[in-house]
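Chain residues, written in single-letter form:
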Amino acid sequence: MTDEKYPYLYETHCHTCWCSGCGVSTPYEMAGAYYEAGYAGMVFTDHFLLGNTAVPRDWPWDRKVKRYYEPYLAAKEWAKGRDFDVLFGIEHNYGHGKEVLTYGIDLEFLLRNPDIHLLPLSEYSRLVHEWGGFLSMAHPFRDRDYIDMSVGPEPQYLDALEVYNYHNYPEENRQAAELARETGLPGTSGGDVHIYTDGGINNSGIALPRRARTGDELVEILRSRDYRIVYDGRLIDCNFS
Ligand SMILES: [Zn+2]
Ligand SMILES: [Zn+2]
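This is a predicted model, so every value here is computed, not measured.

To continue, consider the nonpolar core. Tyr10, Met42, Leu161 and Leu208 are the most contacted members of the largest nonpolar core, which totals 64 residues. Dropping the residues within four chain positions of it, Leu161 is found in contact with Ser136, Met137, Pro140, Ala176, Leu179, Ala180, Leu185 and Gly187.

Next up, the structure:
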């Protein structure tokens, strides 16, 4: 699922049972599955505090956000000595069931911004960007019971759109690609994987021209728009316009 110019495949959207209420597998099982499948790395993006979190909401802020960092730290430790990059992210719910995948942030960012999950998307976006982070809207047109479909995407606050989500219906993905075409935002592709046996592994992700060893390196490549995405079993350009 890569080519000569874009040899490094990364998962952009993955959950664990440590922090996501719907997550089934541990960070070790997830990292192992992607590593075995030939991925160069992955980003953990557990549901944040307004979403389907497995982190108790009544814990103090520091304890909660430290818990969000644990899957990343554990898998990173596991990956030592293996040629595999483990990166930190979150899937932040900003209300109405709408979610943004957030890259290029770290524990320090979360510690410094107590209750950031309660901010409107405009404010959240400003803080993430001040930190050097990157936002891709998760499954922008997913139509499910828990999502308020009357609230549309707000592309002015985003850097990208998840134009391919392995667990979306084709029509939902098609609409996301259409919005990418209209807005000029690049696309990302994610498995939205919650269990290590999921078919999203090997059928989603982004192919990079070089390694992304840190969140900053990942953001740099995403911003350059010089990468490919796995879309319906094919590798295509991230740019739709
Ligand atoms: Zn989930
Ligand atoms: Zn997800």
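Right, picking up where we left off after that structure.
A word on helix H6 (residues 215-224). Within H6, the full set of buried residues consists of Gly215, Leu218, Val219, Ile221 and Leu222. Considered in projection along H6, the buried side chains sweep an arc of 165° and stay on one side of the axis. Backbone geometry just after H6 places Arg225 at a positive phi near 60°.

Right, let's talk about the environment of Ala138 for a bit. By secondary structure assignment, the location of Ala138 is in the loop between strand E5 (134-137) and strand E6 (160-165). For Ala138 and Gly184, which are 46 residues apart along the polypeptide, the C-alpha to C-alpha distance reads 17 Å. For Ala138, the residues in contact, after removing those within four places along its chain, are His13, Glu91, Glu99, Val100, Leu101 and Glu162.

Remark: helix H1 (residues 27-36) packs on helix H2 (residues 61-79), axes separated minimally by 9 Å, with the N-to-C direction vectors making an angle of 50°. The orientation of H1 with respect to H2, classified from their angle, is oblique. In the crossing of H1 with H2, the sense of the turn from one axis to the other is right-handed. Within the contact between the two elements, H1 uses Pro27, Tyr28, Met30 and Ala31 and H2 uses Pro71, Ala74, Ala75, Trp78 and Ala79. The residue inventory of the contact of H1 with H2, partitioned by class, reads nine nonpolar, no polar and no charged.

Its identity is not glycine, yet His96 carries a phi of approximately 60°, on the positive side. Locating His96 in the fold gives a position in the loop between strand E3 (85-93) and strand E4 (99-103). Backbone geometry at Asp232 places phi at a positive 55°, although glycine is not the residue there. Relative to the helices and strands, Asp232 is located in the loop between strand E9 (228-231) and strand E10 (234-237). Here Asp232 falls in the exposed class, since 12 other C-beta atoms lie within 10 Å of it.

Another aspect to go through is the pairing of E5. The alternating pattern of E5 places Phe134 and Ser136 on one face and Leu135 and Met137 on the opposite face, and all of these are buried. In this structure, E4 lies alongside E5, joined through four bridges in antiparallel fashion. In the strand pairing of E5, Tyr103 is matched with Phe134.

This part is about the sheet that holds E9. Sheet architecture is open: ten strands sit in the order E7-E6-E5-E4-E3-E2-E1-E8-E9-E10, paired in mixed fashion. Looking at which strands have only one partner, the edges of the open sheet turn out to be strand E7 (187-190) and E10. Across the sheet, the mean angle separating the axes of adjacent strands is 30° when strand polarity is ignored. With two bridges joining them, strand E1 (residues 8-11) and strand E2 (residues 41-47) adopt parallel strand pairing. Residue pairing for E2: Tyr10 is matched across the bridge by Gly41.

Here Leu179 lies in helix H5 (residues 170-183). For the pair Leu179 and Ser241, spaced 62 residues apart in sequence, the C-alpha to C-alpha distance is 9.9 Å.

What counts and what doesn't
Residues numbered from 1 in each chain as written. Chains lettered and ligands numbered in written order. Predicted model: local features only at pLDDT ≥ 70, side-chain atom pairs only at ≥ 80, totals over all residues. Core = buried A, V, L, I, M, F, W, Y, C linked by C-beta atoms within 7 Å. Buried ≥ 20, exposed ≤ 12 C-beta atoms within 10 Å, placed from the backbone. Contact = placed C-beta atoms within 7 Å. Helix = DSSP H or I, 4+ residues; strand = E, 2+ residues; numbered from the N terminus. Arc of directions from axis to C-beta. Axes fitted to C-alpha atoms, helices over the stretch in contact; angles between N-to-C directions. Parallel < 35°, antiparallel > 145°, perpendicular 65-115°, else oblique. Left-handed = near helix turned anticlockwise from the far one by under 90°. Nonpolar A, V, L, I, M, F, W, Y, C, P; charged D, E, K, R; others polar. Pairing = 2+ DSSP bridges.

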